Amino acid sequence: MEEKIKRSFSAEKKLEILREHLKNKVSISEICKRYSIHPTQFYKWEKQLFEGGKEIFSSKHKANGNSKSGKERKLEEKIERQKEVISWLTEENLRLKKNF
């Protein structure tokens, strides 16, 4: 009896495999042979992709800051504060030069 070795694919590799079928129109049987995966596994990944895509396009996702993370929003706020400080310093520098 042949022992099966469980392999795992990275998220990037799964997307690459799915893209071959969806974008490049490679048949599922060809993809399964090429990567030595069972068609059931391929369909499971495809289902996960579409379920995840549904979440991305949902209004709930859009309501959470137009898909920006809290970290991105904080960084944008920090940049705005830095711009304000730079503007104030520039104005102050010009004022001091005029008075000198």
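Look up: the structure comes first, before these words.
Reference entry: report on the structure contained in this document.

Reading guide: rules and limits
Residues numbered from 1 in each chain as written. Predicted model: local features only at pLDDT ≥ 70, side-chain atom pairs only at ≥ 80, totals over all residues. Heavy atoms only, no water. Helix = DSSP H or I, 4+ residues; strand = E, 2+ residues; numbered from the N terminus. Areas by Shrake-Rupley, 256 points an atom, 1.4 Å probe, with all protein chains shown as cover. Salt bridge = Lys/Arg side-chain N within 4 Å of Asp/Glu carboxyl O. Buried < 20%, exposed > 50% of the residue type's maximum accessible area, 1.4 Å probe, protein only. Axes fitted to C-alpha atoms, helices over the stretch in contact; angles between N-to-C directions. Parallel < 35°, antiparallel > 145°, perpendicular 65-115°, else oblique. Contact = heavy atoms within 4.5 Å. Nonpolar A, V, L, I, M, F, W, Y, C, P; charged D, E, K, R; others polar. Patch = residues over 30% accessible without salt bridge, like charges linked within 9 Å, V, L, I, M, F, W, Y side chains within 5 Å. Lys, Arg positive; Asp, Glu negative; His and termini not counted.

## A word on the overall build of the chain
Link 1 in the chain: When helices and strands are counted, the chain shows five helices and zero strands.
Link 2 in the chain: Walking the chain from its N terminus toward its C terminus, one meets helices and strands in the order α-α-α-α-α.
Link 3 in the chain: Taken as a whole, the chain presents about 9,200 Å² of accessible surface, with 55% of it coming from carbon and sulfur.

## Some thoughts on the pattern of salt bridges
Link 1 in the chain: Taken as a whole and assessed by the stated rule, the structure comprises six salt bridges.
Link 2 in the chain: With a closest N to O distance of 4.0 Å, glutamate 51 and lysine 47 form a salt bridge. One end of the pair is glutamate 51 and the other is lysine 47, both in helix α3 (residues 39-57) and four residues apart, which spans about a single turn.
Link 3 in the chain: On the basis of relative accessibility, which here comes to 41%, the residue glutamate 51 falls in the partly exposed class.
Link 4 in the chain: Accessibility expressed as a relative area gives 53% for lysine 47, which makes it exposed.
Link 5 in the chain: What emerges from the salt-bridge pattern is a single network uniting Glu20, Glu30 and Arg34.

## Re the packing of helix α1 (residues 11-22) against α3
Link 1 in the chain: Close contact between α1 and α3 brings their axes to 10 Å; oriented N to C, the two are set at 95°. Taken together, the axes of α1 and α3 lie roughly perpendicular to each other. Contact residues: α1 offers Lys14, Leu15, Ile17, Leu18, His21 and Leu22, while α3 offers Phe42, Trp45, Glu46, Leu49 and Phe50.
Link 2 in the chain: Along the lines of polarity and charge, the residues of the contact of α1 with α3 split into eight nonpolar, one polar and two charged.

## A look at a nonpolar patch on the surface
Link 1 in the chain: A contiguous nonpolar patch, built from Val85, Trp88 and Leu89 and spanning about 320 Å² of accessible area, is present on the exposed surface.
Link 2 in the chain: If you trace the backbone, tryptophan 88 turns up in helix α5 (residues 70-99).

## Quick word on the side chain of glutamate 46
Link 1 in the chain: With respect to the element layout, glutamate 46 can be found in helix α3.
Link 2 in the chain: Among buried Asp, Glu, Lys and Arg side chains, glutamate 46 stands out as unpaired, with lysine 25 the closest opposite charge at 10 Å.

Without other data, these values stay purely geometric and don't point to any function.
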